[in-house]
Amino acid sequence: MKNIQLLNKIAPCGTDLFDKAEYAVEETIENPDAIMVRSAVMHEMEFGTNLKAIARAGAGVNNIPLDRCAEQGIVVFNTPGANANAVKELAVCALMLASRDIVGGIEWANSLVGTENIAKQVEKGKSKFGGVEITGKTLGIIGLGAIGGMLANAAESLGMNVIGCDPYLSVEAAWNINSNVKRVATFEDVFKNSDYISVHVPATAETKGFLNEKSFGIMKDGVRILNLARADLVNTDDLKAALESGKVASYVTDFPTEETVGVKGIVAIPHLGASTEEAEDNCAVMAAKELIDYLENGNIKNSVNYPAVSAPRNRANRVCVLHADADGIFSTLTTLFKGDFVTKSRGNVAYTIVDTDEPNNDAVAKAAALDGVYKVNVI
Ligand code: MLT
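Computed from a prediction, not measured in an experiment: that's the story for all the values here.

*Asks:* Would you take a moment to explain the domain arrangement of the protein chain for this structure?
*Replies:* Size of an interface: often given as the accessible area lost when the parts come together. According to the domain assignment, the protein chain consists of domain 1 (1–83 + 276–305), domain 2 (84–268) and domain 3 (307–379). Taken together, the contact between domain 1 and domain 3 spans 19 residues of the former and 17 residues of the latter. Sorting the residues of domain 1 by area buried against domain 3 places Asn297, Asn299 and Ile300 first, and these three jointly supply 31% of that buried surface. Counting across the interface, domain 1 meets domain 3 through 0 salt bridges. Our enumeration of links across domain 1 and domain 3 arrives at 11 residue pairs in polar contact (both at pLDDT 80 or more). Of all the secondary-structure elements, those providing two or more residues to the side of domain 1 that touches domain 3 are helix 2 (66–71) and helix 11 (277–297).

See the structure below:
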């Protein structure tokens, strides 16, 4: 029996994929084999010796200690693209929220409850809540992955000129982007030329606070900024100063903080990007399938800390070795086991699968004891 711990609520259409005869799937479980998580912060968690994998039902993985997991032989998965349409739809809504004071207008209309002749008052008072249109304006997108690419296409079809920058754009992602979307070389090109800027990059040490005084300084006056990616991408003090000076006309974020709620010019949405029934189902199903294929076959797809490795099973036993990408480990493994080997590295870590006819407990123990070997799973 394998144990799956749910750190957050995960849609049943995903958890139901675990065969009940083989898996226990619960919120409180000691020393699980795998964890499914949405936004629970795992940085301070101690991981049990059985833990082999963590699946994040979502794209962002800044709530998970990726390097520590890699060094403990724990594969971390995410679900790229599974909630992209939901986030794209909210980003289209955010374009409108950034353009007109829809939120202020609705709040004002609701405040008229109980007063007389509301229709007349509305016509008289509405001019405070006007705005601008998006058609013909330039939207600059930073990060053209699943969400950024879909937003680019949607905004183009709404009549915007769309430019985008993504130093890591994959060929597959590029194929899905409308040819009218112009690729620019640098973030600076986006900053200089956009009326609207939408960011779709992960929160990492490199991207933390990259929207700051310097980048606002390069932008057009009255730029409107959308951030449905992560709060950390923006330096909040610099943003507030830019809103006050009028440099930034509005900022729509899906990540409210103590510093950003209730601030004039900021529309703070309570992280609703992926909160649609469809996205929750898609993420849960993808995350569960990733865990099942890893726990049952050792195949890795959509990991953020180990290389992608999938191999058909040809022999009775599969030995999966998670190790440092260091000299000598792979060649030592080839002396310990007889069989078919597949190995791949990513950064400092590597993953080796050995399909073998004999379950060789002695070799497994020796492999596990090697310096630089983090974990050995026998399937
Ligand atoms: C993501 O990282 O996929 C989105 O922010 C939505 C979520 O956190 O669930």
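*Asks:* When you look at the packing of helix 3 (residues 84–99) against helix 6 (residues 146–157) in this model, what are you seeing that I'm missing?
*Replies:* The packing of two helices is summarised by the inter-axis angle and the distance between the axes. Between helix 3 and helix 6, whose axes approach to 9 Å, the crossing angle comes to 50°. Comparing their axes, helix 6 and helix 3 come out oblique. Note on packing geometry: the crossing formed by helix 3 with helix 6 is right-handed. Only Ala146, Ile147, Met150, Leu151 and Ala154 of helix 6 make contact with helix 3, whose side of the interface consists of Ala84, Asn85, Val87, Lys88, Ala91, Val92 and Leu95.

*Asks:* Sorry if this is basic, but what is going on with the sheet that holds strand 10 (residues 223–227) here?
*Replies:* Adjacent strands of a sheet pair through backbone hydrogen bonds, lying either parallel or antiparallel. Strand order in the open sheet formed by 7 strands is 8-7-6-9-10-11-12, with parallel pairing between adjacent strands. Whereas interior strands pair on both sides, the edge strands pair on one side only; in this sheet they are strand 8 (182–183) and strand 12 (266–268). Inspection of the sheet shows strand 7 (residues 161–165) paired to strand 8 by 2 bridges, in the parallel sense. Bridged to Gly164 within strand 8 is Arg183. Packed onto the sheet, helix 10 (residues 236–245) meets strand 11 (248–253) and strand 12 and runs at close to 135° relative to strand 11.

*Asks:* Explanation requested: the pattern of salt bridges in the structure shown.
*Replies:* Pairs can form between side chains of opposite charge once their charged atoms are near each other. Scanning the entire structure with this criterion turns up 10 salt bridges. Taking the shortest distance from any N to any O, the salt bridge between Lys52 and Asp33 comes out at 2.7 Å. In this pair, Lys52 is assigned in the loop between strand 3 (34–37) and strand 4 (53–56) and Asp33 in the loop between strand 2 (23–26) and strand 3, connecting sequence segments 19 residues apart. Two residues, Glu188 and Lys192, come together in a salt bridge whose shortest N-O distance is 4.0 Å. Of the two residues, Glu188 and Lys192 are both situated in helix 8 (residues 187–193); the distance of 4 residues between them amounts to about one turn of the helix. Overall, the relative accessible area of 40% leaves Glu188 in the partly exposed class. Using a relative accessible area of 43% as the deciding quantity, one classes Lys192 as partly exposed.

*Asks:* Please clarify how the packing of aromatic side chains should be interpreted in this entry.
*Replies:* Two aromatic rings, taken as a pair, are described by how far apart their centres are and by the angle between their planes. In total, this model carries 7 aromatic pairs according to the counting rule given. Taken together, a centroid distance of 6.3 Å and an interplanar angle of 50° make the contact between Tyr294 and Tyr351 tilted. Highlighted residues: Tyr294 in helix 11 and Tyr351 in strand 15 (residues 349–356), separated in sequence by 57 residues. Through a chain of ring-to-ring contacts, the aromatic side chains of Phe77, Tyr294 and Tyr351 assemble into a single cluster. Directly above the aromatic system of Tyr23 lies the positively charged group of Lys2, at a separation of 5.3 Å from the ring centroid. Of note, Lys128 hangs over the ring of Trp108, and the distance from its end group to the ring centre comes to 5.1 Å.

*Asks:* Is there a simple way to think about the site of the ligand in this case?
*Replies:* The ligand sits among Arg56, Gly58, Ala59, Gly60, Asn83, Arg230, His271 and Ala274. A distance of 2.7 Å separates an oxygen atom of the ligand from a polar atom in the side chain of Arg56. Within the side chain of His271, one N or O atom sits 3.0 Å away from an oxygen atom of the ligand. Considered on its own, the ligand offers 260 Å² of accessible surface; in the complex 91% of this is hidden by protein. For the shell around the ligand, the class distribution of residues is 2 nonpolar, 4 polar and 2 charged.

*Asks:* Honestly, the side chain of Ser194 in this entry has me stumped. Any pointers?
*Replies:* Among the secondary structure elements, Ser194 is positioned in the loop between helix 8 and strand 9 (196–199). Since its relative accessible area comes to 0%, Ser194 is described here as buried. Side-chain polar atoms of Ser194 contact the backbone nitrogen of Gly140, separated by 3.4 Å. Of note is the side chain of Ser194, whose polar atom sits 2.7 Å from the backbone oxygen of Val190. If sequence neighbours within four positions are ignored, Ser194 has contacts with Thr138, Leu139, Gly140, Ile163, Lys220 and Val223.

Criteria and cut-off values
Residues numbered from 1 in each chain as written. Predicted model: local features only at pLDDT ≥ 70, side-chain atom pairs only at ≥ 80, totals over all residues. Heavy atoms only, no water. Domains from an automatic or database assignment. Contact = heavy atoms within 4.5 Å. Buried area = accessible area lost by both parts, 1.4 Å probe. Salt bridge = Lys/Arg side-chain N within 4 Å of Asp/Glu carboxyl O. Polar contact = N/O pair within 3.5 Å; in protein donor to acceptor, adjacent residues only side chain to side chain. Helix = DSSP H or I, 4+ residues; strand = E, 2+ residues; numbered from the N terminus. Axes fitted to C-alpha atoms, helices over the stretch in contact; angles between N-to-C directions. Parallel < 35°, antiparallel > 145°, perpendicular 65-115°, else oblique. Left-handed = near helix turned anticlockwise from the far one by under 90°. Pairing = 2+ DSSP bridges. Buried < 20%, exposed > 50% of the residue type's maximum accessible area, 1.4 Å probe, protein only. Phe/Tyr/Trp six-rings, centres within 6.5 Å; stacked < 30°, edge-to-face > 60°. Lys NZ or Arg CZ within 6 Å of the ring centre and 35° of its normal. Near = heavy atom within 4 Å. Areas by Shrake-Rupley, 256 points an atom, 1.4 Å probe, with all protein chains shown as cover. Nonpolar A, V, L, I, M, F, W, Y, C, P; charged D, E, K, R; others polar.

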